[in-house]
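These are the residues of each chain, in order.
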Amino acid sequence: MAQIIFTQQLARFLPVPQLETQAATLRAALDGAFAGNARLRGYVLDDQGHLRPNVVIFIDGRRCRDRALLDDPLQADSSIYVLQALSGG
């Protein structure tokens, strides 16, 4: 199964367990993660359902293609990393 890993930056605000999914697309995988943790959605997606500007997602080492549709296909063994950007100097 594909794995979704939320990096520790998000753990400062809420629990972010590593999840397994059989979803075929990134959007479906995220929807599954949010079903079990509704608050997480607000940290990752904006009101239109697009990735927030300070969030980036990598699938198998490649940045997701479309921050609005999130329709990147997943493989059965994909690794999905959800990162929240850090700011500061």
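Every value quoted in this text rests on a predicted model; they were computed, and no experiment measured them.

> With reference to specific residues and values, describe the pattern of salt bridges.
Tallied over the entire structure, the rule returns 2 salt bridges. Residue arginine 65 pairs with aspartate 71 through a salt bridge whose shortest N-O separation is 3.8 Å. Residue classification places arginine 65 among the exposed residues on the basis of a relative accessible area of 59%. A salt bridge links aspartate 72 to arginine 65, with the shortest nitrogen-to-oxygen separation between them at 3.7 Å. Look at aspartate 72 and you get buried, because its relative accessible area is 6%. Three or more residues are tied together by salt bridges with common partners; here these are Arg65, Asp71 and Asp72.

> If you had to explain the side chain of threonine 7 to someone new, which residues and values would you point to?
Its place among the elements puts threonine 7 in the loop between β1 (2–6) and α1 (8–11). Not counting the four nearest positions on each side in its chain, threonine 7 is found in contact with Val16, Val82, Leu83 and Gln84.

About the criteria used
Residues numbered from 1 in each chain as written. Predicted model: local features only at pLDDT ≥ 70, side-chain atom pairs only at ≥ 80, totals over all residues. Heavy atoms only, no water. Salt bridge = Lys/Arg side-chain N within 4 Å of Asp/Glu carboxyl O. Buried < 20%, exposed > 50% of the residue type's maximum accessible area, 1.4 Å probe, protein only. Helix = DSSP H or I, 4+ residues; strand = E, 2+ residues; numbered from the N terminus. Contact = heavy atoms within 4.5 Å.

Such coordinate-based values are descriptive only and should not be taken to indicate function.
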